[in-house]
Amino acid sequence: MNTIPIDMDLTEKLTILSDAAKYDVACTSSGVDRKGNGRGIGNSIAPGVCHTFSADGRCISLLKILFTNECIFNCAYCLNNRDSDVRRASFTPDEICTITLEFYRRNYIEGLFLSSGIMVSPNYTMELIYQTLHRLRTIHHFNGYIHVKALPGADPELVERTGFLADRMSINLELPTADSLHKLAPCKSRNTILKPMRQIQNRITDNKQELTVYRKAPRFVPAGQSTQMIIGATPENDFQIMSVAEGLYEKFSLKRVFYSAFVNVNGNSMLPALPGGPPLLREHRLYQADWLLRYYHFKVSELLSEERPDFNIFLDPKCDWALRHLEYFPVEVNRASYQTLLRVPGIGYKSAERIVKARKKTCLSFDDLKKIGVVLKRALYFITCSGKMMYNTKLEENYICENLMRDKTQIPKDIREGGYQQISFFDRELQSEFQLTDAEILT
Amino acid sequence: MYIFLCKDSIDGIFTGVYDAWASRYGHQNIALTTHTPDNYSLFDEYISVPCDYDKSAKVARTLYNRMGDETYQEIYQAASALETCHSRKSIDKADAIYKTIVLALSLPDASKVLHYLGNPYINRAFQLSLCTGNEAHHLLGFLRFQELENGILFAQIHPKNDVLPFLGEHFSDRLPEENFMIHDATRNLAVLHPQGKRFFITDTKELNHEMLQRLSPQEMEYRRLWRTFFDNIAIEARINPALQNQNLPKRFRQDITEFQ
């Protein structure tokens, strides 16, 4: 391991430690509403706030940094593993406090996202993270958002103490299966990841009870916990990944599961090379399906199966599902239940809500639906208003599929035209490129 | 038709609503507008409404009591929106708000008025409210303070809609111990928040621009640190200007530190 220069200047540290943190996906500041307390600094609003968008188009909401990148673990996918030759640095708790507060005052950020490599031991590093949070909350009276990582292998008591200072905690699952984890991250195990996850879940449940008894009881991880999986580094298919995500939502009551398209940062030979760039479209489809699980009452078993283990790259998962279940359609907008409306492509959960409210007062027409926010170019094949379809369309799989595929937004503009993956819609190369990527993953 | 010409502000529109209602011409014979028409139509009578804070306060109180906090907020946001926002050729903002209020007060539960999205006036009011709400929410994040020599935090914005009250509310709660100022350069208005007190809105005709140039000694240091962070946090393999432009419209960038 390289030694740290003693007087490394703050800019240099920030360069190294933000660079090292950027592959962590979660930058959300959502999930907790907290008014300012009239002194000190900071508040938090439940929808979260994006403060800027970096050159890769991702939201920057929190100051996302590592405490240190001096790591004793050797995870193959990670830039900071003990064998890689990168510059190392560590913050001190005070430095983090200063940067966080000064950035926060200027409204650059919504709060702090603190992760870390494992320096000396998980407990040693976790203690430093706790110290930092403790200083921010009690000495500087910082009342803004804090997302902190629980380090795998850290003492449960330390994790608990830290949880009372943070808004959200997360432990990265990293890879969907125990096998892959064992292969690529030998220092971590399913056990060291799932145990603290369970602990945090139980503590949150207990805390809810404490809060009903005593409103002012200290709050434990009020914005819930999240996790992250790397997509495309290992051979798991979409069905396996989504099943794991569903399990996490149901059994561990997670708030969010994040998916991170794999970027081969250190050219490790155990990992795929991905010449077509990171699998962004696959990541996009997984997020779409994730929303279907959380907001649209879908089950993974409805979207995918052993026989069809991967998402259709040309159609979003909801359209794909609808095409395979034409027996449910067309749906009469003025009568269908909220749950049924949710299943119609082109109707989101917000427009479904508005439809249910608005139709109590008048009979809705297609024009009204458009104003309400329904995407008619997708919905028109699946709905009727007062018994009439919008146009003379056929309720037939191939016909609808063909028309839906003409809709360019099926593959989002930024992925179609985005920097590294120049792809056109019906490009043969696109298909071969994806097959190539998948084939490479599987070997 | 009797057309009431009112000022394009919350108080202006609410005064218009008061006068229109009190005129007893019958709601179907009344329209409101905030801008003088290019061509006066022959058979309409134009009545100009001077802004009256008492009348406006009465309307606001009635609406608040009848509609409840949430729906009142939506009406307030709609009235703060830019007239041309969403679509240029559409129902007049003031008229949409007037008709929405008329309908609301005829309902047994006025708070449900925005459910009538099939009604073109309600729909317009709803879209206007969304417009202001979205921009205000964007600015909660995109606004940047700079620290002046005297310790005051100063921010400049160029919003389309009149979002200052929403920003003032949010930042006074967030930074109670700071003296700060948010300057709306399109309207020449500013939120002023003295440490530990409530904020107020004032016009900035006499703003001392020279004072704004004198930054505190650490200001440049933190700006540099922030840019370092901003540049470093992007993943090279995913660089995607199209997505960045989509998420952060260019009109905001003139006031954002890291894009200057």
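Quantities reported herein were computed from a predicted structural model and do not represent experimental measurements. (Residues numbered from 1 in each chain as written. Chains lettered and ligands numbered in written order. Predicted model: local features only at pLDDT ≥ 70, side-chain atom pairs only at ≥ 80, totals over all residues. Heavy atoms only, no water.)

(A) Structural detail: the overall build of chain A. Tallying secondary structure elements over chain A gives 17 helices and ten strands in all. The C-alpha atoms of chain A give a radius of gyration of 24 Å, which matches the 22 Å a tight globule of 443 residues would have. Over its C-alpha atoms, taken along the principal directions, chain A stretches across nearly 75 × 55 × 40 Å. Residue pairs at least 24 apart in sequence account for 67% of intrachain contacts in chain A once pairs closer than 6 positions are excluded. Split by element, the accessible area of chain A, about 18500 Å² in all, is 53% carbon and sulfur. On chain A, the mean spot of the 56 positive side-chain charges and the mean spot of the 51 negative ones are 8 Å from each other. (Helix = DSSP H or I, 4+ residues; strand = E, 2+ residues; numbered from the N terminus. Rg over C-alpha atoms; globule rule 2.2 N^0.38 Å. Contact = heavy atoms within 4.5 Å. Areas by Shrake-Rupley, 256 points an atom, 1.4 Å probe, with all protein chains shown as cover. Lys, Arg positive; Asp, Glu negative; His and termini not counted. Charge placed at Lys NZ, Arg CZ, Asp CG, Glu CD.)

(B) Local environment of the interface of chain B and chain A. If you look at the interface, chain B gives 54 residues, while chain A gives 61 residues. The largest share of the area that chain B buries against chain A comes from B:R174, B:Y222 and B:R238, three residues that together contribute 15% of it. Between B:R238 and A:E283 there is a salt bridge; the shortest N-O distance is 2.9 Å. Our enumeration of links across chain B and chain A arrives at 27 residue pairs in polar contact (both at pLDDT 80 or more). Looking at the side of chain B that touches chain A, the elements that each hand over two or more residues are α4 (120-142), α5 (164-174), α7 (219-232) and α8 (241-247) of chain B. Considering each element in turn, the side of chain B that touches chain A owes the most residues, eleven residues, to α7(B). Residues belonging to the side of chain B that touches chain A are distributed by class as follows: 26 nonpolar, 15 polar and 13 charged. (Buried area = accessible area lost by both parts, 1.4 Å probe. Salt bridge = Lys/Arg side-chain N within 4 Å of Asp/Glu carboxyl O. Polar contact = N/O pair within 3.5 Å; in protein donor to acceptor, adjacent residues only side chain to side chain. Nonpolar A, V, L, I, M, F, W, Y, C, P; charged D, E, K, R; others polar.)

(C) Molecular detail of the pairing of strand β5 (residues 145-149) of chain A. Residue and element names in this part refer to chain A. Of all five residues in β5, five are buried; the element is thus mostly enclosed. Burial along β5 is two-sided: Y145, H147 and K149 facing one way and I146 and V148 facing the other are all buried. Where strand β4 (residues 111-115) meets β5, four bridges bridge the pair, whose relative direction is parallel. Bridge pairing in β5 links G111 to Y145. By the bridge criterion, three bridges tie β5 to strand β6 (residues 168-170) in an arrangement that is parallel. Bridge pairing in β6 places V148 opposite M169. Each parallel crossover has a hand, and the one from β5 via helix α4 (residues 156-163) to β6 is right-handed. (Buried < 20%, exposed > 50% of the residue type's maximum accessible area, 1.4 Å probe, protein only. Pairing = 2+ DSSP bridges. Right-handed = clockwise from strand over helix to strand, strands pointing away.)

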